[in-house]
Amino acid sequence: MITIVSGIPRSGTSLMMQMISAGGMPVLTDGQRSADANNPRGYYELESVKSLARNPEVISQAEGKVVKVISSLLTFLPVQHEYRVVFMRRPLEEVMKSQDRMMGRLGKDIPAAANESVAAAFEKHLKQIDQWMSQQPNIGVLYVDYASVLDDAQREAARIKDFLEYPLDVPSMLRQVEHSLHREKSAAVKA
């Protein structure tokens, strides 16, 4: 069984990797992308996973472990493996604000694309990925809302433990949730 944490960029995948790692499941990362102001606790990424489209067998090294795979690469997962996917969801307004803030911190230009068109592209992508995953007999999916982790980490950690059928240390998972790192909030959250 391969455990995957996925979602669109800036949706809480690094937090979920931190939680599962702290809970005791072995993680597959390479440390090439170190912690920075955008992810002070680290990214928990494996650079070679980015080549999944060209080299799908790279995922086989994650057997018995958890690895982060961005949502746009999920369709390249080889069918001979069984997967459990913890898929992070976050309001698109927060995702886009977080991406813009990250670009600014990195000194990069923020694209001038209209937020509506970016949000529409994300929504279309998420619908396609949801539909694709629902049709894969070798993939089990647990959807986790980023806000729910912040609101009731105990409940969400227990759900994740049950879904993964792994003896995760829930109190250790809870210690990874740092509310101060929820910096880009949607209008509904601020109110």
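Residues numbered from 1 in each chain as written. Predicted model: local features only at pLDDT ≥ 70, side-chain atom pairs only at ≥ 80, totals over all residues. Heavy atoms only, no water.

Asker: What is the right way to look at the environment of Thr13 in this model?
Answerer: Mapped onto the elements, Thr13 comes out in helix H1 (residues 13–22). A relative accessible area of 7% places Thr13 in the buried class. For the pair Thr13 and Tyr44, spaced 31 residues apart in sequence, the C-alpha separation works out to 8.8 Å. (Helix = DSSP H or I, 4+ residues; strand = E, 2+ residues; numbered from the N terminus. Buried < 20%, exposed > 50% of the residue type's maximum accessible area, 1.4 Å probe, protein only.)

Asker: I'm lost on the confidence of the model for the protein in this one. Help?
Answerer: For residues with low pLDDT, the predicted coordinates do not support detailed interpretation. This prediction gives the protein a mean pLDDT of 85; 78% of its residues lie at or above 70. In this model, residues 187–191 is a region of pLDDT below 50 whose contacts with residues beyond four sequence positions or in other chains number 5 contacts. (pLDDT = per-residue confidence, 0-100. Contact = heavy atoms within 4.5 Å.)

Asker: Honestly, the nonpolar core in this entry has me stumped. Any pointers?
Answerer: When a protein is soluble and globular, its nonpolar side chains tend to lie buried together. In terms of nonpolar packing, the biggest core is built from 27 residues, with Ile4, Ile59, Val67, Val69, Leu74, Leu77 and Tyr83 touching the most fellow members. Counting only elements with at least two residues in this core, the list comes to strand E1 (2–6), strand E3 (83–89), helix H2 (92–105) and helix H3 (115–134). Among the elements that line this core, the one with the most residues is H3, at 6 residues. The residues touching Tyr83, leaving out its near neighbours within four places in the chain, are Met1, Ile2, Ile4, Ile59, Leu77, Pro78, Asn138, Ile139 and Gly140. (Core = buried A, V, L, I, M, F, W, Y, C linked by side-chain atoms within 4.5 Å.)

Asker: Which parts of the structure should I look at to understand H1?
Answerer: Given 3.6 residues to a turn, an α-helix orients residues that are three or four positions apart in the same direction. Where burial is concerned, most of H1 is hidden: 8 out of the 10 residues are buried. Every buried residue belonging to H1 is among Thr13, Ser14, Leu15, Met16, Met17, Gln18, Met19 and Ile20, and all of these are buried. At the exit of H1 stands Gly24, carrying a positive phi of roughly 115°.

Asker: How should I be thinking about the packing of aromatic side chains in this particular structure?
Answerer: Taken as a whole and judged by the stated rule, the model has 1 aromatic pair. Over the face of the ring belonging to Tyr146 we find Arg90, whose NZ or CZ atom lies 4.5 Å from the ring centre. (Phe/Tyr/Trp six-rings, centres within 6.5 Å; stacked < 30°, edge-to-face > 60°. Lys NZ or Arg CZ within 6 Å of the ring centre and 35° of its normal.)

Asker: What is the right way to look at the pattern of salt bridges in this model?
Answerer: Side-chain pairs of opposite charge can arise where the charged atoms are in close proximity. In this structure the tally under the stated criterion is 9 salt bridges. Residue Glu45 is joined to Lys68 by a salt bridge in which the shortest nitrogen-to-oxygen separation is 3.8 Å. One end of the pair, Glu45, is in the loop between H1 and strand E2 (66–68); the other, Lys68, is in strand E2, with 23 residues separating them in the sequence. Of the residues examined, Lys68 reaches a relative accessible area of 9% and is grouped as buried. Between Arg155 and Glu156 there is a salt bridge whose closest N-O contact spans 3.1 Å. (Salt bridge = Lys/Arg side-chain N within 4 Å of Asp/Glu carboxyl O.)

Asker: Sorry, what's going on with the sheet that holds E2 here?
Answerer: Strand pairs in the sheet, formed through backbone hydrogen bonds, run parallel or antiparallel to each other. Within the open sheet, the 4 strands sit side by side as E2-E1-E3-E4. Their pairing is parallel. In this open sheet, the two strands that pair with only one neighbour each are E2 and strand E4 (139–145). Between one strand and the next, the sheet's axes are offset by a mean angle of 20°, whatever the strand orientation. Sheet topology note: the E3/E4 ladder contains 7 bridges and is parallel. Bridged to Val86 within E4 is Leu142. Helix-sheet contacts for H1 involve E1, E2, E3 and E4, and the interaxial angle to E2 is about 165°. On the sheet, helix H5 (residues 153–164) packs against E1, E3 and E4 and is oriented at approximately 175° with respect to E4. (Pairing = 2+ DSSP bridges. Axes fitted to C-alpha atoms, helices over the stretch in contact; angles between N-to-C directions.)

Asker: What is the right way to look at unusual backbone geometry in this model?
Answerer: Generally, phi is negative for residues other than glycine and the peptide bonds are trans, each holding for most cases. Notably, Arg10 is not glycine yet its phi reads approximately 70°, a positive angle. Tracing the backbone shows Arg10 in the loop between E1 and H1. Although it is not a glycine, Glu165 sits at a positive phi angle of roughly 50°. Within the element layout of this structure, Glu165 appears in the loop between H5 and helix H6 (170–174).

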